[in-house]
Amino acid sequence: MNKKSKDNLIKEVFALAVPIMIQNGITNAAGLIDNLMVGSISTEAMTAVSIASQLIFVFNLAIFGGMSGPGIYGAQYYGNNDTEGVRNVFRIKLWIGTICTLIGIGVFFFFDRFLLGLYMTDIDSKINAALTMEYAVKYLRIMLMGLAPFTVTQIYSTSLRETNESFKPMVAGLVSVVVNIFFNWLLIYGELGFPKLGVEGAAIATVICRFAECAVAVIWPHIRVKEHEFLKGLYRTLFVRKEIVLPILKKSLPILLNEFLWAGGVAALTQCYSVKGLIVVTSINISNSLCNLLNVVFIAMGHAVGIIIGQYLGAGEFDKAKKKSVLLMWLTAGICVILSVALIALSGIFPNMYTSAEPDVKAAATKFIIITAFFFPLQGFLNSLYFTLRSGGKTLVTFLFDSCFSWVVSVPVAFVLSRFTGLNIYWIYACVNALDLIKVIIGFILIKKGVWISNLVKDEGVA
């Protein structure tokens, strides 16, 4: 690949990735501000929100998985100039999103205390577990009202990105953040005559911002429908022929199951760490608030890689897809080295912003940030590798590669180390993160062999 071709590729991927970075970045910034505002109430309030957010995270990832499977076809249909195919993918996403949302609301409503209680195993903690539980239940119950608009937003945003439109979802995310911060200020602290609701106010503000984001994500594209051909006649019918649905579901269900199980694996890892004390849960939450603000870079790069490589595959440009995928993986890892340096520089400063947190919580958070920073380049490379494998429809491979690995390797290792060894929590956390090196080695071999390369919309006759 010559220099000009490389430059064009980098411009292409950043043109798609930067708006995603900005959208996810401002969304995570809102989460960070949420944490800081709630953290000013008490350590119990901050811990409650972090635990409830673990459960919401599982739902969010399930929705992401539900959108990602059809999205593989959406990108390839777009690369193949098949507007009706993109339209059908949107309809399938709508059905998947509706089913997942109804299940999520039911599970969280009826089993909230049981699920939240899994993280409250340390009765000797300085943190009041009973008060933390009450805060968490109230927060989670209110957050259920925001699940439906979140799902609709993801259906529209992912479909727009697959057709090379990432600006409108970015603006929707920006609106969401502004609304969230404003209503946090009003409802957490009781400003301008509003009631002082604390944790409940934070949840209400988040629900309001979900509806605001959804409104922008849905209304704006329909107003500019000439720019988005697939939206024309979209709701004339929600019926999709089974010969279209079945191949897409065959590829989609492993991704949906994968994202659900992977998110569950992350929640299970946090539960393993929680046996070392609720202080650990709180400090990891502080660490994640900062790290999530920066990992939007490699997450956005992964999305861009998947979309761009998927479009090349849909156009039948296999050699170009293979060469560019490897270059983009190394590019993402290189960017993450810079992010690692930034994280380490902030590790001693950021935890002190949590004014109500205990000194040992802040010290632990600093150590978790440094450990996470060390593995950032590995995570960046792995994320791009994962999306490359998935762009060719190898969803069963990514299922084994991702969530199966988490439950078969990572969670058992964390369980054994946290309960049956004398290792401190920092060594356990580092060991679990280091296991991802196994996935990188196996995945890179698969990428180099090209076993993932396929044109789904032609090879499977899904048209």
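Rules used throughout
Residues numbered from 1 in each chain as written. Predicted model: local features only at pLDDT ≥ 70, side-chain atom pairs only at ≥ 80, totals over all residues. Heavy atoms only, no water. Helix = DSSP H or I, 4+ residues; strand = E, 2+ residues; numbered from the N terminus. Rg over C-alpha atoms; globule rule 2.2 N^0.38 Å. Buried < 20%, exposed > 50% of the residue type's maximum accessible area, 1.4 Å probe, protein only. Contact = heavy atoms within 4.5 Å. Patch = residues over 30% accessible without salt bridge, like charges linked within 9 Å, V, L, I, M, F, W, Y side chains within 5 Å. Areas by Shrake-Rupley, 256 points an atom, 1.4 Å probe, with all protein chains shown as cover. Salt bridge = Lys/Arg side-chain N within 4 Å of Asp/Glu carboxyl O. Phe/Tyr/Trp six-rings, centres within 6.5 Å; stacked < 30°, edge-to-face > 60°. Lys NZ or Arg CZ within 6 Å of the ring centre and 35° of its normal. pLDDT = per-residue confidence, 0-100. Core = buried A, V, L, I, M, F, W, Y, C linked by side-chain atoms within 4.5 Å.

Participant: Sorry if this is basic, but what is going on with the overall build of the protein here?
Facilitator: In terms of regular secondary structure, the protein is built from 18 helices and 0 strands. Scaling as 2.2 N^0.38, a compact globule of 463 residues should have a C-alpha radius of gyration of about 23 Å, and the protein matches this with 22 Å. With the C-alpha coordinates aligned to their principal axes, the bounding extent of the protein is approximately 60 × 50 × 40 Å. For the protein, the residues scored as buried account for 58% of the 463 residues in total. By sequence separation, contacts in the protein at least 24 residues apart represent 85% of the contacts at least 6 residues apart.

Participant: Looking at this structure, I do not really get a nonpolar patch on the surface. What am I missing?
Facilitator: Judged by side-chain polarity, Ile99, Ile103, Val107, Phe109, Phe110, Phe111, Phe114 and Leu118 come together as a nonpolar surface patch covering roughly 820 Å² of accessible area. Per-element tally for the nonpolar patch: the top contributor is helix α3 (residues 83–110), with 5 residues. Of note, phenylalanine 111 is situated in the loop between α3 and α4 (112–117). Overall, phenylalanine 111 belongs to the partly exposed group, its relative accessible area being 47%.

Participant: Is there a simple way to think about the pattern of salt bridges in this case?
Facilitator: Note on pairing: side chains with opposite charge can pair once their charged atoms come close. Overall, the coordinates contain 12 salt bridges when judged by the stated rule. A salt bridge links arginine 224 to glutamate 227; its shortest N-O distance comes to 2.5 Å. Across the pair glutamate 229 and lysine 232 runs a salt bridge whose closest N-O atoms are separated by 2.9 Å. Under the relative-accessibility criterion, glutamate 229 is labelled partly exposed at 39%. Judged by its relative accessible area of 35%, lysine 232 is partly exposed. The network of salt bridges with common partners includes Glu165, Lys168, Arg224 and Glu227.

Participant: Explain the packing of aromatic side chains to me, please; I cannot follow it from the model alone.
Facilitator: For any pair of aromatic rings, the description consists of the separation of the ring centres together with the inter-plane angle of the planes. For the structure shown, the criterion picks out 16 aromatic pairs. Between phenylalanine 182 and phenylalanine 183 the ring centres are 5.4 Å apart and the planes differ by 80°, which places this aromatic pair in the edge-to-face class. Residue classification places phenylalanine 182 among the partly exposed positions, given a relative accessible area of 41%. One aromatic cluster is present, built from ring pairs that chain together Phe90, Tyr156, Phe230 and Tyr235. The ring of phenylalanine 109 carries arginine 141 above its face, with NZ or CZ at 4.3 Å from the centroid.

Participant: Please explain the confidence of the model for the protein as it appears in this structure.
Facilitator: Interpretation of the predicted coordinates at a detailed level should be avoided for regions scoring low in pLDDT. Of all residues in the protein, 92% attain a pLDDT of 70 or more, and the chain-wide mean is 83. Confidence, expressed as mean pLDDT per element, reaches its minimum in the protein at helix α18 (residues 456–459) with 56 and its maximum at helix α16 (residues 425–434) with 94.

Participant: Help me understand the environment of asparagine 28 in this model?
Facilitator: Within the secondary structure, asparagine 28 is located in helix α1 (residues 3–39). Under the relative-accessibility criterion, asparagine 28 is labelled partly exposed at 23%. Along the backbone, asparagine 28 and cysteine 291 are 263 residues apart, and their C-alpha atoms lie at a distance of 9.6 Å. With sequence-adjacent residues up to four places away left out, asparagine 28 is seen in contact with Asn292, Leu293, Asn295 and Val296.

Participant: Explain unusual backbone geometry here, please?
Facilitator: Residues apart from glycine generally show negative phi values, whereas peptide bonds are mostly found in trans. Positive phi values are uncommon outside glycine, yet asparagine 81 reaches one of about 60°. Of note, the phi angle at leucine 192 is positive, near 55°, even though the residue is not glycine. With respect to the helices and strands, the residue leucine 192 is situated in the loop between α7 (167–189) and α8 (199–223).

Participant: Could you clarify how one ought to interpret the nonpolar core in this entry?
Facilitator: Across soluble globular proteins, nonpolar side chains have a tendency to be buried as a group. Within the largest apolar cluster, 102 residues are counted, with the highest numbers of intra-cluster contacts made by Phe108, Leu116, Tyr139, Leu343 and Phe376. Contacts of tyrosine 139, omitting those with residues within four sequence positions, involve Val49, Ala52, Ser53, Val199, Ala202, Ala203 and Thr206. In this structure, Ile284, Val326, Leu378 and Leu385 belong to the second largest nonpolar core, which totals 31 residues.

Participant: Is there a simple way to explain the environment of isoleucine 103 in this structure?
Facilitator: Relative to the elements of secondary structure, isoleucine 103 occurs in helix α3. Considered as a pair, isoleucine 103 and phenylalanine 59 are 44 residues apart in the sequence and their alpha carbons are 9.5 Å apart.

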